[in-house]
Amino acid sequence: GAGVSQSPSNKVTEKGKDVELRCDPISGHTALYWYRQSLGQGLEFLIYFQGNSAPDKSGLPSDRFSAERTGGSVSTLTIQRTQQEDSAVYLCASSLEAGGAGDTQYFGPGTRLTVL
Amino acid sequence: AQSVAQPEDQVNVAEGNPLTVKCTYSVSGNPYLFWYVQYPNRGLQFLLKYITGDNLVKGSYGFEAEFNKSQTSFHLKKPSALVSDSALYFCAVYPWGTGFQKLVFGTGTRLLVSP
């Protein structure tokens, strides 16, 4: 079956531009997560969505970052006025249910963002 | 605070030898523990997880991990390493029952298996 898909796979942008990253979770998964992987920084949680509940935005590094999830499925992570420090691989994951007993998160291939 | 430590940045092992990648955790709730592997330019792939029951968990590609509550460890092991096992390995913990509903990842350990 289809896994988590992300687009684009690579994005190069200029400092100050806005970017949108897309995630399509596994069908039937109600929980969706965004992480950022920076060189030497490991995996940093950004935001997660669980069904129709308000998203947990506690990991977003600044108000330039926002995300939405339409219809409980596809999610878009938007970074406004990009900075060079935003350069990273952005990973999306989904699971059956956030907070479920040890639900496994399945990851997409990531979007590599480079801000020049 | 919920945390996971992977004390080795890199582990080197010869093909055919056993390998161990170490992980220790610190959580206030019941730990649900995971191992993921990341190949170059790829996302994370799930290897195995411990929820409850038998402390020895078997996963994909011949990997296994042992949950040790007294030592708060969850080391990843494989009896005979392959060159193709060379990748970046992440340990993660889900502190069930604390209301902290996020996976907390370690910093990763690079495994290099030499021919």
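1. Let's talk about the overall build of chain A
- A tally of regular secondary structure across chain A gives 0 helices and 10 strands.
- From first element to last, N terminus to C terminus, chain A shows the α and β order β-β-β-β-β-β-β-β-β-β.
- For a compact globule of 116 residues, the expected C-alpha radius of gyration is about 13 Å, and chain A comes in at 13 Å, within 12% of that figure.
- Its C-alpha atoms give chain A principal-axis dimensions of roughly 40 × 30 × 30 Å.
- Counting all 116 residues of chain A, 52% fall into the buried class.
- Considering only contacts within chain A whose residues lie at least 6 apart along the sequence, 56% involve residues at least 24 apart.
- Approximately 5500 Å² of chain A is accessible, and the part contributed by carbon and sulfur atoms is 44%.

2. Section: the side chain of A:Thr111
Residues and elements named next belong to chain A.
- Inspection of the secondary structure assignment puts Thr111 in strand β10 (residues 111-115).
- Residue classification places Thr111 among the buried residues on the basis of a relative accessible area of 0%.
- The residues contacting Thr111, other than those within four sequence positions of it, are Gln6, Ser7, Pro8, Ser9, Leu21, Ala88, Val89 and Tyr90.

3. A few points about the interface of chain B and chain A
- The interface is formed by 19 residues belonging to chain B together with 22 residues belonging to chain A.
- Those elements that place two or more of their residues in the side of chain B that touches chain A are β5 (30-38), β6 (44-50) and β10 (87-96) of chain B.
- Taken together, the residues of the side of chain B that touches chain A break down into 12 nonpolar, 4 polar and 3 charged.

4. Things to note about the confidence of the model for chain B
- The share of residues in chain B with pLDDT of 70 or more is 94%, and the mean pLDDT across the chain is 91.
- Mean pLDDT across the elements of chain B bottoms out in β10(B) (88) and peaks in strand β2 (residues 10-14) of chain B (98).

5. Let's talk about the nonpolar core
- Core analysis: the biggest nonpolar cluster contains 29 residues, and B:Trp35, B:Leu47, B:Leu48, B:Phe74, B:Leu76 and B:Tyr89 have the highest contact counts within it.
- For this core, the elements supplying multiple residues, two or more each, are β2, β3 (19-21), β5, β6, β8 (64-68), β9 (73-78), β10 and β12 (109-114) of chain B.

6. Concerning the sheet that holds strand β7 (residues 75-79) of chain A
All names here are of chain A.
- Pairing is antiparallel in the open sheet, where 4 strands are placed in the order β1-β3-β7-β6. This sheet does not close on itself; its edge strands, each paired only once, are β1 (5-7) and β6 (65-69). Direction aside, neighbouring strands of the sheet carry axes that sit 15° apart on average.
- Judged from the 3 bridges that link them, β1 and strand β3 (residues 19-24) form a sheet pairing that is antiparallel.

Calculation criteria
Within each chain, residue numbers correspond to sequence positions counted from 1 in written order. By the order in which they are written, chains take letters starting at A while ligands take numbers starting at 1. With pLDDT at 70 or above as the cut-off, local features in this predicted model cover only qualifying residues; side-chain atom pairs require 80 or more to be listed or tallied, and sums for whole chains, interfaces and linings still use all residues. Hydrogen atoms and water are omitted, and side-chain values are computed over all heavy atoms in the structure. Labels follow the DSSP assignment, with helices taken as runs of H or I lasting at least four residues and strands as runs of E lasting at least two, numbered in each case from the N terminus. Radius of gyration: over C-alpha atoms. The globule rule applied is 2.2 Å multiplied by the number of residues raised to the 0.38 power. To sort residues, take the accessible area from a 1.4 Å probe on protein chains only and compare it with the maximum for the residue type: under 20% means buried, over 50% means exposed, and anything in between is partly exposed. By definition in these notes, contact holds between two residues if any of their heavy atoms fall within 4.5 Å. The Shrake-Rupley method, run with a 1.4 Å probe, gives the accessible areas here. Residue values count only the displayed protein chains as cover. Here the nonpolar group is Ala, Val, Leu, Ile, Met, Phe, Trp, Tyr, Cys and Pro; Asp, Glu, Lys and Arg are the charged ones; every other residue, Gly included, is treated as polar. Every residue is assigned a pLDDT by the predictor, reflecting its confidence on a scale from 0 to 100. What makes a nonpolar core is a set of buried Ala, Val, Leu, Ile, Met, Phe, Trp, Tyr and Cys residues whose side-chain atoms join them at distances within 4.5 Å. Note on pairing: DSSP must find at least two bridges between two strands before they are called paired. Only the stretch in contact is used when a helix axis is fitted, and all axes are lines through C-alpha atoms; the angle between N-to-C directions ranges over 0 to 180 degrees.

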